[in-house]
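Residue-level listing of the chains:
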Amino acid sequence: MNEATKREETRREEIEKMLPFYVTGRLDHADAQEIGDYLKHHPDVANQLDLVHAERDSAVAANAIYANRAVHNFDRVAAMIGRPAARPARATGRRLDWTDRIKQLFAMPSSPALGLLGAAAAIVILLQAAAIGTLVVAHYPGIFTGASGGNGAVDAGTTVFVRFADDATTATIADAFSGLGVRIVDGPRGGRLFTVRIGPKNMGEGERARLIAALKARSDVVAFVTQMS
Amino acid sequence: MDQFIADDQLIARVAGADSVALETLYMRHQKRIFGFIARIVRDEAVAEELTNEVFVDVWKHAGGYEGRSAATTWLLSIAHNRAISALRKRREEPWDDEKAVSLVDEADNSEVAVQKADKSRLLRRCIDALSTDHREIIDLVYYHELSVSEASAVLGIPEGTVKTRLFNARKRLSELLKNLGVDRGWP
């Protein structure tokens, strides 16, 4: 193997190592540009992007089983630090309606989904979040179904996790969801996932598959769908 | 408590023994931390207790937080240390690849598996069957969407090791899938 070939192989491996970060958008602009340029001239490496996307989607799905766990009680931590739980205003009185909570989550600039993103992506998500969290709740109540209480527990039914396309708008989400008769019941979670109720718990496998396929078909709105295990 | 206050400011308040700030941080981040730990220790009861301990650590060490990394990265690094420490205390071997392979193979032979489940479901199972180190880096990068430097900070390893570990994890996924009859054509 000559030096040039060795250099090219090393270069290729370096690029391959960065592909996951390229797909998740966690490279700085210069690195992303460099990899983008490389991929344009190396279609065999570019083909790996499909593998990386599949890995990411499966990792999200694997983690999603914990996304609907009820909020734990802070009392235990309070006892461990020797301080009684302070019960801030939002923790007293009525339990938070889930739409209140979702709006809080969306409104927090340091929410986990935003905190882990680069500035540009964060702006996109923030805009998306604002649209969904505020505008949709206010103007498209039909998109949402109140879940059972405010702890993030999802009401009985068949649910899937959905990540919206970055450029999804309030109107397109409303259009897609009203046409399919599905509702957001919770979110966002890690991985920017929303829980979407697609029907009753005992819905048939065929109907479930049809609705999931229909959601996937709305690629202008839905970037990713996975069934909850 | 202002619910829109930034995490950095909350941590500063926690350093000043403000338990309301700690509760706000807890409400904001505990699900992410719990899920991250649960994926490592594979025991929800243990993960819940460790999650509580993470926030006790935040209470004790908030004064040492310098804001050089995002608060989430800092919290995940504490969670990582707690989870790995718990695994060691249980004296359980980390999830080794051989065990992973046998589990996957026991579940289905390749032809049946491919028929029964689509590739994404198989891929998910293979991710779950990875070693702890490999599964953790996959989760951090793909699910928690950390950058190289953030993953480096969480795991306490050099950035080059982050990239190599993820690369090896991805290659291992290909091997596991191949054992199930799915050839990804890479590496």
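This is a predicted model, so every value here is computed, not measured.

Calculation criteria
Residues numbered from 1 in each chain as written. Chains lettered and ligands numbered in written order. Predicted model: local features only at pLDDT ≥ 70, side-chain atom pairs only at ≥ 80, totals over all residues. Helix = DSSP H or I, 4+ residues; strand = E, 2+ residues; numbered from the N terminus. Buried ≥ 20, exposed ≤ 12 C-beta atoms within 10 Å, placed from the backbone. Contact = placed C-beta atoms within 7 Å. Nonpolar A, V, L, I, M, F, W, Y, C, P; charged D, E, K, R; others polar. Core = buried A, V, L, I, M, F, W, Y, C linked by C-beta atoms within 7 Å. Domains from an automatic or database assignment. Pairing = 2+ DSSP bridges. Arc of directions from axis to C-beta. Expected span 1.5 Å × (residues − 1).

**Q** Talk me through the overall build of chain A; I want residue IDs and the actual numbers.
**A** Along the backbone of chain A there are ten helices and four strands. Counting the 229 residues in chain A, one finds 35% classified as buried. Within chain A, contacts between residues at least 6 apart in sequence are counted, and of these 73% link residues at least 24 apart.

**Q** Outline the interface of chain B and chain A, supporting the account with residue identities and numerical values.
**A** Listed by partner, the interface residues are 51 residues for chain B and 46 residues for chain A. Residue assignment for the side of chain B that touches chain A shows that the elements contributing at least two residues are helix H2 (19-41), helix H3 (44-61), helix H4 (71-89), helix H7 (119-128), helix H8 (132-143) and helix H10 (159-179) of chain B. Ranked by the residues each element gives to the side of chain B that touches chain A, the list is headed by H2 of chain B, at 15 residues. The residue makeup of the side of chain B that touches chain A, split by class, is 25 nonpolar, twelve polar and 14 charged.

**Q** Give me the nonpolar core: which residues, what numbers.
**A** Counting 89 residues, the largest nonpolar core has Val-162 of chain A together with Val-14, Ile-37, Val-58, Ala-79, Val-141 and Ala-151 of chain B as the members making the most contacts within it. The biggest single contributor to this core is H2 of chain B, with eleven residues. For Val-162 of chain A, the residues in contact, after removing those within four places along its chain, are Leu-193, Phe-194, Val-196, Leu-215, Val-222, Phe-224 and Val-225 of chain A.

**Q** Which residues make up the domain arrangement of chain B, and what are the values?
**A** Residues and elements named next belong to chain B. Domain assignment breaks chain B into domain 1 (7-89) and domain 2 (97-179). Contacts between the two partners involve nine residues from domain 1 and, on the opposite side, ten residues from domain 2. Elements with a minimum of two residues in the side of domain 1 that touches domain 2: H2 and H4. Per-element tally for the side of domain 1 that touches domain 2: the top contributor is H4, with four residues.

**Q** Report on the environment of Ala-169 of chain B, specifying residues and quantitative values.
**A** Residue and element names in this part refer to chain B. Among the secondary structure elements, Ala-169 is positioned in helix H10. On the basis of neighbour count, Ala-169 is assigned to the buried category, with 21 C-beta atoms found within 10 Å. For the pair Ala-169 and Phe-34, spaced 135 residues apart in the sequence, the C-alpha separation amounts to 23 Å. The residues touching Ala-169, leaving out its near neighbours within four places in the chain, are Leu-130, His-134, Ile-137 and Ile-138.

**Q** Lay out the pairing of strand E1 (residues 158-164) of chain A in plain terms, naming residues and giving numbers.
**A** Residues and elements named next belong to chain A. In terms of burial, E1 is a largely internal element, seven of the seven residues being buried. Taking every second residue as pointing to the same face, both faces of E1 are buried, with Thr-158, Val-160, Val-162 and Phe-164 on one and Thr-159, Phe-161 and Arg-163 on the other. Relative to strand E3 (residues 193-199), E1 runs antiparallel, the two sharing five bridges. Bridging across to E3, Phe-161 finds its partner in Thr-195.

**Q** So what's going on with helix H1 (residues 7-15) of chain B? Residues and values would help.
**A** All names here are of chain B. Taken together, the buried positions of H1 are Asp-7, Leu-10, Ile-11 and Val-14. Along the axis of H1, the buried positions cluster into a sector of 100°, meaning they face one direction only. Phi turns positive one or two residues past the end of H1, at Ala-17, with a value near 65°.

**Q** So what about helix H10 (residues 205-217) of chain A? Which residues, and what values?
**A** Given 3.6 residues per turn, any residue in an α-helix points the same way as the ones three and four places further on. Residue and element names in this part refer to chain A. In this model H10 runs 18 Å from its N-terminal to its C-terminal C-alpha over 13 residues, within 8% of the 18 Å that 1.5 Å per residue would give. Inspection of H10 places Leu-211, Ile-212 and Leu-215 among the buried residues, and these make up the whole buried set. On an axial view of H10, the arc spanned by its buried residues comes to 100°, and they lie on one face. Of the exposed residues in H10, the ones pointing more than 90 degrees away from its buried face are Gly-206, Ala-209, Ala-213 and Ala-217.

**Q** Residues and numbers for unusual backbone geometry, please.
**A** Residue and element names in this part refer to chain B. Omega for the peptide link from Trp-186 to Pro-187 comes to 5°, which places this bond in the cis form. Along the chain, Pro-187 falls in the segment after H10. In this structure, Ala-17 takes a positive phi of about 65° despite not being glycine. Along the chain, Ala-17 falls in the loop between H1 and H2. We classify Ala-17 as partly exposed; it has 13 C-beta atoms within 10 Å. Backbone geometry places Glu-145, a non-glycine residue, at a positive phi of 55°. Position of Glu-145 among the secondary structure elements: in the loop between H8 and helix H9 (148-155).

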